Amino acid sequence: MSTTTAAAPAPKIAAKPLLVRRAAVLGAGTMGSRIAAHLANAGIPVLLLDLPPKNQNAERALDALAKSRPAAFFEPSRAALITPGVFDDDLSGLAQCDWIVEAVAENLEIKTALLARVVPYVAPQALLTTNTSGLPISQIASVLPVQIRKKFFGTHFFNPPRYMRLLEVIPTADSGPAIVSAFSAFADLILGKQIVFAHDTPNFIANRIGIAVMFNAANLMLEQGLTIEEVDALTGPAIGWPRTGTFRLADLVGVDILAHVAANFPLGVTGGKFAPILDALLKRGWLGDKSLQGFYKKVCGAGGRDERLVLDLSTFEYRPSVRPALPALEMAKNAATLPERLRLLLANNPAKDKAAAFLLPFLSSLWNFAADRIGEVADDAPSIDAAMRAGFNWEMGPFEMWDAAGVPETVARMKQSALPVSSAVEKLLASSRAAWYSPARDACFSPAAAQLSSIAAFPGHARIADFRRSLGVLRSNPGASLVDLGDGIACIELHSLKNAIGGDVLALVSTVLNPSSDAVRDFDGFVISGDRDNFSVGANLMQLLLAAQEGEWDELAGVIHNFQQMTAAIKFCPRPVVAAPFGLALGGGAEICLHAARRQPHAETYIGLVEAGVGLIPAGGGTKEMFLRAFDAAAALAPPDPRDPPSRFAQSAELAAALKRALETIAMAKVSTSAAEARSLGLLSPADRITMNRDRLLLDAKAQAASLAASGYAPPQPRAQIPAPGIAALATLEMGIYLMGEAGYASEHDQKVARWAAYILAGGRISPGALVGEQYFLDLEREAFLSLCGERKSQERIAFTLKTGKPLRN
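The shown structure was predicted, so the numbers you read here are calculated from the model rather than taken from an experiment.

Cut-offs applied
Residues numbered from 1 in each chain as written. Predicted model: local features only at pLDDT ≥ 70, side-chain atom pairs only at ≥ 80, totals over all residues. Heavy atoms only, no water. Helix = DSSP H or I, 4+ residues; strand = E, 2+ residues; numbered from the N terminus. Rg over C-alpha atoms; globule rule 2.2 N^0.38 Å. Buried < 20%, exposed > 50% of the residue type's maximum accessible area, 1.4 Å probe, protein only. Areas by Shrake-Rupley, 256 points an atom, 1.4 Å probe, with all protein chains shown as cover. Lys, Arg positive; Asp, Glu negative; His and termini not counted. Charge placed at Lys NZ, Arg CZ, Asp CG, Glu CD. Salt bridge = Lys/Arg side-chain N within 4 Å of Asp/Glu carboxyl O. Pairing = 2+ DSSP bridges. Axes fitted to C-alpha atoms, helices over the stretch in contact; angles between N-to-C directions. Polar contact = N/O pair within 3.5 Å; in protein donor to acceptor, adjacent residues only side chain to side chain. Contact = heavy atoms within 4.5 Å. Phe/Tyr/Trp six-rings, centres within 6.5 Å; stacked < 30°, edge-to-face > 60°. pLDDT = per-residue confidence, 0-100. Disulfide = S-S within 2.5 Å. Patch = residues over 30% accessible without salt bridge, like charges linked within 9 Å, V, L, I, M, F, W, Y side chains within 5 Å. Parallel < 35°, antiparallel > 145°, perpendicular 65-115°, else oblique. Nonpolar A, V, L, I, M, F, W, Y, C, P; charged D, E, K, R; others polar. 1 Å grid on protein atoms, 1.4 Å probe; cavity = no way out; pocket = protein on both sides within 12 Å on 5 of 7 lines; lining within 4 Å. Points joined across faces, edges and corners; volume = space filled by probe spheres on them.

A. Representation of the overall build of the protein. The number of helices and strands found in the protein is 34 helices and 25 strands. Relative to the compact-globule value of 28 Å for 810 residues, the protein shows a C-alpha radius of gyration of 28 Å, a close match. Considering only C-alpha atoms, the protein reaches an extent of 85 × 65 × 60 Å along its principal axes. Per-residue burial for the protein yields a buried fraction of 55% across its 810 residues. Here the protein has roughly 33,200 Å² of accessible surface; of this, 55% comes from carbon and sulfur atoms. Taking the 77 positively charged and 78 negatively charged side chains of the protein as two groups, their mean positions are separated by 1 Å.

Encoded structure:
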């Protein structure tokens, strides 16, 4: 019997999201507990139910969540929003819930039996969904009364739900379009999910294509005599896919999970020579990371270092992993963009190049398979592209990749190599089009209609590239651009290599935000953000290292001065500047954020003043801003009496405690594990709002800038007459640093860096209460930075970080 049902028309995202005041998750396994954790991250109280003994399974799940890495919670306190319970005793609590999601084992009988028990407790306003990676939703719904089926559909989360953005929403023919639409708006806005409407077909969209691709890669490997390492290299960053490639991904997901999902496929899709290999792994219990061995095995090698072994499929014995010798991949690394890399890799002669011999049939198979799924797994190609980007972390979806590689050119190569060509792409070329997407990316080719169909926009979603196309770029250099966002707001887009902050960024930001600039005159406010994976990894370390090694101290002093001038321009700009960080916001990137009028971070922002990791201190105003935050926090707890001498507050216990926290943040190079945690580190303020959905970040920040401007924004003035903590506070901080060293927690150089940070935070070796201004702290930053740049240990750390991307502790 076929498990495919007639596709319901794809709903539209409602303008008003569903109100979810309380939710319930049925099943406290890995997926269910992590769905509950992400609901708690969104501030929603959750009832987490599982099997008896009473509360034990759900409570064990909560304990596991607290220890999970990567962290399931934005911050540990969110766990308090989850109430554990058991099916036998606590189903009545479901009556208080607006959304109930079932997430028990991937077994049709288990799911339907539980849902039948749940029905009496579903409140009139509540909706009920099932989380499954590929079971037919219509069959699960068959046990439900008609009235419940109207508010029942599939919700396929990807694991771990906090980090994987895709949520496939699978309506049935009975699902009410209005409630599906309202739920989708809720999941988009409140949970931060990339919503893709899928048809009720085996494995839906992302797993249907992603697992088929993995089997195809493995079968091609066996056919061409390649190694596991070679295929992982060929199916990784070279084509815009994660570093896990094919087989590291299989180990990460679990070989058993891979086999389970593959079992849902139509016959023939997941067969070939690879299927017996998968069975052999299952029989041996080699399930991947969860069993410590699968296609790879990590062992303790010489010197106690981890060594990765790889499975030799000809002997089924593990051997040392070998770096693949694929010259074409090395050449492709010189390409600046993925489209350039794809064209370079596919341009080579398959008869002479191992990479091209694999990639041409591999990508051709992907493109054909995806094209043939249009109308079957989803309504259109953009839905498939979105699912693969968000569900498998591909840089581009299959149709975007095909456009990037060149549709006419690749189809010609496919025919030349006697490879199949999908009838869908033949229709595209027959319509005199050379790409799936329109140049403006507002329409995509529909094989059914044989013409372009408009792409529905998600309300509230936008990227800077959209405004580049529609309103244009006003000013630009290699590091940054000024882009008109409309409605009187402009965006300073950071786009240097890895978004490192060099002279180009300093110059553009300082010029644009200068009080006398045309931009300040013409716009009401500004946003600082970007479209790449990370906001900014910090200052250009190579520039600093070369200047330090050459003893160019005037040049270094000039760089620090220019950086401080840039952050001052942000802070004192007559127009409100809103920083909208995302991903990594490190070092100088964090300093940009600290100086903005407001911050509008994405929930997954990892922000920190990390300069201590390379043997330096924040000198772009970051240490000064941390002092001011500590000062203000202490003053809020114990307001200074204006009748008291300044020295009294400067030596207060509240200020001492706040300075200690600031020193720990700087000297330990702490990086937040979320935007929520950044508040506890003093890197965000209570007034800063957090955006859950990355695609909403730009317009949220724009709205924040516009709101500040409309409320009569007035910039702060440089602070003067600040009572410095002085030498007494410095002595206390230095004693703490000494004790850390004595306990073995800080190396000699770590202590030196920490003492400089303490020196700045205390205001130097001056009398407690001595009145100083912001510029005084900036001068101390510059003094400390230049001194540390001259240290051999700092230069070694910078060089090590440039080479490895990691800090060196010595």
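B. The pattern of salt bridges, seen in detail. One pass over the structure, following the stated rule, counts 43 salt bridges. Put simply, Glu 376 and Arg 208 hold a salt bridge, and the shortest N to O gap is 2.6 Å. Of the two residues, Glu 376 is situated in the loop between helix H15 (354–372) and helix H16 (381–392) and Arg 208 in helix H8 (residues 206–224); the sequence distance between them amounts to 168 residues. By sharing partners, the salt bridges in this structure join Lys 571, Lys 624, Glu 625, Arg 629 and Glu 774 into a single network.

C. View of the sheet that holds strand E8 (residues 194–197). The sheet built from eight strands is open, its strands ordered E3-E2-E1-E4-E5-E6-E7-E8 with mixed pairing. Looking at the sheet topology across the chains shown, the edges are occupied by strand E3 (82–86) and E8. Looking at each pair of strands side by side, their axes are set apart by 25° on average, direction ignored. In this sheet, strand E2 (residues 46–50) lies alongside strand E1 (residues 23–26) in parallel orientation, the contact comprising four bridges. Residue pairing across strands places Val 25 opposite Leu 48, the latter belonging to E2.

D. Highlighting the side chain of Thr 567. In this fold, Thr 567 is placed in helix H24 (residues 553–572). Within the structure, Thr 567 has its side chain in polar contact with the backbone oxygen of Gln 564 (distance 3.1 Å). If near-sequence neighbours (up to four positions away) are discounted, Thr 567 is found in contact with Glu 591, His 595 and Gly 620.

E. A look at the packing of aromatic side chains. Under the defined criterion, the tally for this structure stands at 26 aromatic pairs. Ring plane angle 50° and centroid distance 5.9 Å describe the contact between Phe 183 and Phe 186, whose orientation is recorded as tilted. Here Phe 186 and Phe 183 lie together in helix H7 (residues 177–189), a separation of three residues that amounts to about one turn. On the basis of relative accessibility, which here comes to 0%, the residue Phe 183 falls in the buried class. Among the residues examined, Phe 186 registers a relative accessible area of 2% and is labelled buried.

F. Representation of the side chain of Glu 230. Counting through the fold element by element, Glu 230 comes out in helix H9 (residues 228–234). In contact with Glu 230, not counting residues within four places along its chain, are Pro 324, Leu 326 and Lys 354.

G. Up close: unusual backbone geometry. Of the consecutive residues Arg 69 and Pro 70, the connecting peptide bond is found in the cis state with omega at 0°. Considering the arrangement of structural elements, one finds Pro 70 in the loop between helix H2 (56–67) and E3. Residue Pro 160 is reached from Asn 159 by a cis peptide bond, and omega for that bond is 0°. Locating Pro 160 in the fold gives a position in the loop between strand E6 (152–157) and strand E7 (166–170). We note that Leu 292 has phi near 70°; this positive angle belongs to a residue other than glycine. Tracing the backbone through its elements, the reader meets Leu 292 in the loop between helix H12 (274–284) and strand E9 (296–300).

H. Just the confidence of the model for the protein, in detail. Mean pLDDT over the protein works out to 93, with 97% of the residues at or above the 70 mark. Confidence over residues 1–7 falls short of pLDDT 50; this stretch has 11 contacts with residues more than four positions distant or in other chains.

I. Here's a closer look at the state of the cysteines. Summed over all chains, the structure comprises zero disulfides. Cys 573 takes part in no disulfide bond, and the closest cysteine sulfur to it belongs to Cys 491, at a distance of 14 Å. As a non-bridged cysteine, Cys 593 has Cys 491 as the owner of its nearest cysteine sulfur, 13 Å distant.

J. Representation of a nonpolar patch on the surface within the structure. Residues Leu 252, Val 253 and Ile 257 make up a contiguous nonpolar surface patch of roughly 250 Å² in combined accessible area. One can find Leu 252 in helix H10 (residues 247–253).

K. Expanded view of the packing of helix H17 (residues 398–405) against helix H18 (residues 407–416). For the pair H17 and H18, interaxial distance at closest approach is 6 Å and the crossing angle is 90°. Relative to H18, the element H17 lies roughly perpendicular. Contacts between H17 and H18 involve Trp 402, Asp 403 and Ala 405 on the former and, on the latter, Val 407, Thr 410, Val 411 and Met 414. Along the lines of polarity and charge, the residues of the contact of H17 with H18 split into five nonpolar, one polar and one charged.

L. Seen up close, the layout of surface pockets. Its boundaries defined by the atoms lining it, the second largest pocket holds a volume of some 920 Å³. Residue lining of the second largest pocket: 36 residues in total, with Val 537, Gly 538, Ala 539, Leu 541 and Thr 801 positioned closest to the centre. Listing elements by their share of the lining of the second largest pocket, those giving two or more residues are strand E19 (538–539), helix H23 (541–549), H24, strand E21 (583–586), helix H25 (588–595) and helix H34 (792–804). Among the elements that take part in the lining of the second largest pocket, H24 stands out by supplying three residues, more than any other. Across the lining of the second largest pocket, the residue classes break down as 22 nonpolar, nine polar and five charged.

M. Quick peek at the environment of Val 483. Examined against the element boundaries, Val 483 turns out to sit in strand E15 (residues 480–484). In this structure, the C-alpha to C-alpha distance between Val 483 and Phe 467, residues 16 residues apart in sequence, is 7.0 Å. Leaving out residues up to four positions away in the same chain, Val 483 has contacts with Ile 464, Phe 467, Arg 468, Gly 472, Val 473, Ala 490, Cys 491 and Glu 493.

N. Structural view of the sheet that holds E15. Spatially, E14-E15-E16-E18-E20-E22 is the arrangement adopted by the six strands of the open sheet, whose pairing is mixed. Each of the sheet's edge strands pairs with one partner strand only, and the pair in question is strand E14 (473–476) and strand E22 (598–599). Inspection of the sheet shows strand E18 (residues 525–529) paired to strand E20 (residues 577–579) by three bridges, in the parallel sense. Pairing of Phe 526 across the sheet is with Val 577, part of E20.

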